[in-house]
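Coordinates in review
The chain contents come next:
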Amino acid sequence: MAIRVQTQDFDAGLEIKLLRNARKDTGAVVSFIGQVRDLNEGDKVSQLTLEHYPGMTEKALEAIVTKAQSRWDIFDATVIHRVGTLQPTDQIVLVAVSSAHRGEAFKACEFIMDYLKTEAPFWKKEVTDSGERWIDAKHTDDNARERWLE
Amino acid sequence: MKIKILYFARLKETLKFSTEDLELPDDAFASSLTILKLKAYLAKRNETWQQMLMGKLKVRGAINHELVDDNAPIADGDEVAFFPPVTGG
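Please read all numbers here as calculations on a predicted model, not as lab measurements. (Residues numbered from 1 in each chain as written. Chains lettered and ligands numbered in written order. Predicted model: local features only at pLDDT ≥ 70, side-chain atom pairs only at ≥ 80, totals over all residues. Heavy atoms only, no water.)

Check the secondary structure of chain A and you find four helices and nine strands. Each helix and strand of chain A, ordered N terminal to C terminal, gives the series β-α-β-β-β-α-β-β-β-α-β-β-α. Counting only C-alpha atoms and orienting by the principal axes, one finds that chain A spans roughly 50 × 35 × 30 Å. For chain A, contacts bridging at least 24 residues in sequence account for 78% of all contacts bridging at least 6. Total accessible area on chain A stands at roughly 7,700 Å², and carbon and sulfur atoms take up 48% of it. (Helix = DSSP H or I, 4+ residues; strand = E, 2+ residues; numbered from the N terminus. Contact = heavy atoms within 4.5 Å. Areas by Shrake-Rupley, 256 points an atom, 1.4 Å probe, with all protein chains shown as cover.)

Of the regular secondary structure elements, chain B holds four helices and five strands. Written out in order from the N terminus, the α and β elements of chain B read β-α-β-α-α-α-β-β-β. Its C-alpha radius of gyration of 12 Å places chain B within 12% of the 12 Å reference for a compact globule of 89 residues. With respect to the three principal axes, the spread of C-alpha positions in chain B is 40 × 30 × 20 Å. (Rg over C-alpha atoms; globule rule 2.2 N^0.38 Å.)

With that out of the way, let us pick up the environment of B:Ile3. Residue and element names in this part refer to chain B. By secondary structure assignment, the location of Ile-3 is in strand 1 (residues 2–7). The spacing of Ile-3 and Asp-21 is 18 residues in sequence and 5.9 Å in space, taken between C-alpha atoms. Not counting residues up to four positions away in its chain, the partners in contact with Ile-3 are Glu-20, Asp-21, Leu-22, Leu-33, Leu-38, Ile-74, Ala-75, Gly-77, Asp-78 and Val-80.

Moving on, we get to unusual backbone geometry. With a phi angle near 75°, A:Thr89 is a residue other than glycine that sits in the positive phi range. Position of A:Thr89 among the secondary structure elements: in the loop between strand 6 (84–86) and strand 7 (91–99).

On to the packing of helix 3 (residues 102–119) of chain A against helix 4 (residues 139–146) of chain A. Residue and element names in this part refer to chain A. At a closest axis distance of 9 Å, the pairing of helix 3 and helix 4 adopts a crossing angle of 135°. Considering the angle they form, helix 3 stands oblique to helix 4. Judged by the twist between their axes, the crossing of helix 3 over helix 4 is left-handed. Across from Asp-114, Tyr-115, Lys-117, Thr-118 and Glu-119 in helix 3, the residues of helix 4 making contact are Asp-141, Asp-142, Ala-144 and Arg-145. (Axes fitted to C-alpha atoms, helices over the stretch in contact; angles between N-to-C directions. Parallel < 35°, antiparallel > 145°, perpendicular 65-115°, else oblique. Left-handed = near helix turned anticlockwise from the far one by under 90°.)

Let us look at the interface of chain B and chain A. A common way to report how large an interface is uses the accessible area buried once the components associate. Contacts between the two partners involve 21 residues from chain B, matched on the other side by 26 residues from chain A. Carbon and sulfur atoms make up 57% of the area that chain B and chain A hide from each other, which totals about 1,900 Å². In terms of surface lost to chain A, no three residues of chain B exceed B:His65, B:Thr87 and B:Gly89, which account for 35% of the buried area on that side. On the surface where chain B and chain A come into contact, there are three salt bridges. Here A:Glu51 ties to B:Lys12 by a salt bridge, and the two come within 3.2 Å at their closest N and O atoms. Taken together, chain B and chain A are joined by 13 residue pairs in polar contact (both at pLDDT 80 or more). (Buried area = accessible area lost by both parts, 1.4 Å probe. Salt bridge = Lys/Arg side-chain N within 4 Å of Asp/Glu carboxyl O. Polar contact = N/O pair within 3.5 Å; in protein donor to acceptor, adjacent residues only side chain to side chain.)

What follows covers the sheet that holds strand 2 (residues 28–35) of chain A. Residues and elements named next belong to chain A. Strand order across the open sheet formed by four strands is 1-5-7-2, with mixed pairing between neighbours. A strand with exactly one partner marks an edge of an open sheet, and here the two such strands are strand 1 (2–6) and strand 2. Averaged over all pairs of adjacent strands, the angle between their axes in this sheet comes to 5°, without regard to strand direction. Alignment of strand 5 (residues 74–82) against strand 7, held across seven bridges, turns out to be antiparallel. By the bridge assignment for strand 7, His-81 is matched with Val-93. Of the strands in this sheet, strand 2, strand 5 and strand 7 are in contact with helix 3, which crosses strand 7 at around 145°. (Pairing = 2+ DSSP bridges.)

Structure below.
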């Protein structure tokens, strides 16, 4: 498992390659990239700042990946999340999961993202034409996580 | 008892506090301290604290880097954190 919280950008292609080459019985790598949008709730966004809780963030991400590993037969997972100030189209997060077959990796990747959205201590603040504002948590994200409890 | 408290995001900005060390007398209040009791105690500082910790805003708590609910007990030496619902990803 590789968990990284960093200000600098990442190379998703390289991270996927590392997972692909780690074992020769790997048949699937599923990845998700989240990026900064220039529009939120109808307002133009020029900048996004991400704050986190150093110490807790890494532990929370590790716990989420461990949960996914106990639920699906996956080989490995990489989670990279950026913090600091970002611009529209900048990458924010990468989740990549390897497994023998696609089904397990698809499910685990979505599970990790849904839990990351609701349990990992990150907070977004955006700059729009009318100034700075903290982004509120969305119920749709809570609902996305709830699905996995069924 | 002595605990460390951290504040994040909107809470940190509005309360103008990112971290503090809090010392409480070792009485019945301290020995039965929970996240909710600590919020109520801090909320007595002034109107802003009241609004941020006991108002409409949902505040989540963590003890020693674990997300917990309002009834979670706090012990001597714990690191407690208060923050709004998370919005990463």
